[in-house]
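These are the residues of each chain, in order.
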Amino acid sequence: MAIDRKQLIVKAATKSFSLFGYKATTMDQVAKIANVGKGTIYTFFKNKEELFDEIISSLIKEMKSEAEQAIDSERSFQENLHRALYRILEYRMEHQLTIKLFQEERDMGTPAVLEVMARLEKEIIQYIAGKVQALGIDRGEIKQCDPQLTAFIMLKLYISLIFDWEKEHPPLEKQEIAELLEQYVFKGLSK
């Protein structure tokens, strides 16, 4: 019963954060959506920050799970990296909470949201760095490099090609992005 109530509260808080953002969400709203007393929330979570942290931790696990499902051991490192990165970014844009957090980060710069978005990026980079090491370097598919820096560059390139490019150009297709990654990162521009 306690687990059910906790999950109910987490679900209600996720809904509230997704609709109103972090700053505008109150524990009263969460209690109302969950149909529980405000005191019930405090039996599970010390404050709004702790509740938010629980939700973000779950979101990160889901994002990593999505990326893992995109990886196929029969494919090359480049294909797997593309599939995992693309799926992570798709997930971020499909998930209502991350969309709202992007808006709040951009429009208000709420400190708690800035911190969470930095944490989210750091977790993605760590995940990708692990794949660079395990699927690329350790298997001899790419030369020795700094996995953390490589993951950072790849993530930023993906974000630029998916989000920044579209501000003034037609969106690139998934295959075009894969080809650009291949050309600029794996092959380089040298003849």
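The structure we're discussing is the one just above.
First, a word on what this report is: a plain description of the structure on this page.

Parameters and conventions
- Residues numbered from 1 in each chain as written.
- Predicted model: local features only at pLDDT ≥ 70, side-chain atom pairs only at ≥ 80, totals over all residues.
- Heavy atoms only, no water.
- 1 Å grid on protein atoms, 1.4 Å probe; cavity = no way out; pocket = protein on both sides within 12 Å on 5 of 7 lines; lining within 4 Å.
- Points joined across faces, edges and corners; volume = space filled by probe spheres on them.
- Helix = DSSP H or I, 4+ residues; strand = E, 2+ residues; numbered from the N terminus.
- Nonpolar A, V, L, I, M, F, W, Y, C, P; charged D, E, K, R; others polar.
- Core = buried A, V, L, I, M, F, W, Y, C linked by side-chain atoms within 4.5 Å.
- Buried < 20%, exposed > 50% of the residue type's maximum accessible area, 1.4 Å probe, protein only.
- Contact = heavy atoms within 4.5 Å.
- Salt bridge = Lys/Arg side-chain N within 4 Å of Asp/Glu carboxyl O.
- Expected span 1.5 Å × (residues − 1).
- Polar contact = N/O pair within 3.5 Å; in protein donor to acceptor, adjacent residues only side chain to side chain.
- Axes fitted to C-alpha atoms, helices over the stretch in contact; angles between N-to-C directions.
- Parallel < 35°, antiparallel > 145°, perpendicular 65-115°, else oblique.
- Left-handed = near helix turned anticlockwise from the far one by under 90°.

**What about empty space enclosed by the protein?**
Phase 1 of the analysis: Inspection of every chain in the model, using the stated rule, returns two cavities of 30 Å³ or more.
Phase 2 of the analysis: Approximately 40 Å³ is the volume found for the largest cavity.
Phase 3 of the analysis: Lining the largest cavity, in full, are Ile60, Met63, Lys64, Leu120, Glu123, Ile124 and Tyr127.
Phase 4 of the analysis: Residue assignment for the lining of the largest cavity shows that the elements contributing at least two residues are helix 4 (48-70) and helix 7 (111-137).
Phase 5 of the analysis: Per-element accounting of the lining of the largest cavity gives the leading share, four residues, to helix 7.
Phase 6 of the analysis: Of the residues belonging to the lining of the largest cavity, the class tally is five nonpolar, no polar and two charged.
Phase 7 of the analysis: Estimates place the volume of the second largest cavity at around 30 Å³.
Phase 8 of the analysis: Taken together, Ile71, Phe77, Asn80, Leu81, Ala84, Lys131 and Leu135 form the lining of the second largest cavity.
Phase 9 of the analysis: Those elements that provide at least two residues to the lining of the second largest cavity are helix 5 (77-94) and helix 7.

**With respect to the nonpolar core**
Phase 1 of the analysis: One finds Leu51 and Ile128 to be the most contacted residues of the largest nonpolar core, which totals 55 residues.
Phase 2 of the analysis: Counting residues per element, the ones that place at least two in this core are helix 1 (2-24), helix 2 (27-34), helix 4, helix 5, helix 6 (96-107), helix 7, helix 8 (147-164) and helix 9 (174-187).
Phase 3 of the analysis: Looking at this core element by element, the count peaks at 12 residues for helix 7.
Phase 4 of the analysis: Once you skip the residues sitting within four places of it in the chain, Ile128 turns out to touch Leu81, Leu85, Ala151 and Leu155.

**Things to note about the pattern of salt bridges**
Phase 1 of the analysis: Under the counting rule described, the total for this entry stands at 14 salt bridges.
Phase 2 of the analysis: Note that Lys131 and Glu68 form a salt bridge whose closest N and O atoms lie 2.8 Å from each other. Highlighted residues: Lys131 in helix 7 and Glu68 in helix 4, separated in sequence by 63 residues.
Phase 3 of the analysis: For Asp72, the salt bridge is made with Arg75, and the minimal N-O distance between the two is 3.6 Å.
Phase 4 of the analysis: By relative accessible area, which is 27% here, Asp72 ends up partly exposed.
Phase 5 of the analysis: In this structure Arg75 comes out as partly exposed when scored by relative accessible area, which is 30%.

**A closer look at helix 4**
Phase 1 of the analysis: Across its 23 residues, helix 4 extends 33 Å between first and last C-alpha, which sits within 8% of the 33 Å expected from 1.5 Å per residue.
Phase 2 of the analysis: The N-terminus of helix 4 is capped by Asn47, whose side-chain oxygen sits 3.2 Å from the backbone nitrogen of Glu49.

**Brief notes about helix 8**
Phase 1 of the analysis: The end-to-end C-alpha distance of helix 8, which contains 18 residues, comes to 24 Å, matching closely the 26 Å that a straight helix rising 1.5 Å per residue would cover.
Phase 2 of the analysis: Within helix 8, burial applies to Pro147, Thr150, Ala151, Met154, Leu155, Tyr158, Ile159, Leu161 and Ile162.
Phase 3 of the analysis: Buried residues along helix 8 sit against helix 5, helix 7 and helix 9.
Phase 4 of the analysis: For helix 8, the N-terminal cap is Asp146; the gap from its side-chain oxygen to the backbone nitrogen of Gln148 is 2.9 Å.

**Some details on the packing of helix 8 against helix 9**
Phase 1 of the analysis: It is at 11 Å that the axes of helix 8 and helix 9 come closest, and there the two elements cross at 140 degrees. With respect to their mutual orientation, helix 8 and helix 9 come out oblique. Like other packed secondary-structure pairs, helix 8 and helix 9 cross with a definite hand, here right-handed. Contact residues: Met154, Leu157, Tyr158, Leu161 and Ile162 in helix 8; Ile177, Leu180, Leu181, Val185 and Phe186 in helix 9.
Phase 2 of the analysis: Looking at the contact of helix 8 with helix 9, its residues break down into 10 nonpolar, no polar and no charged.

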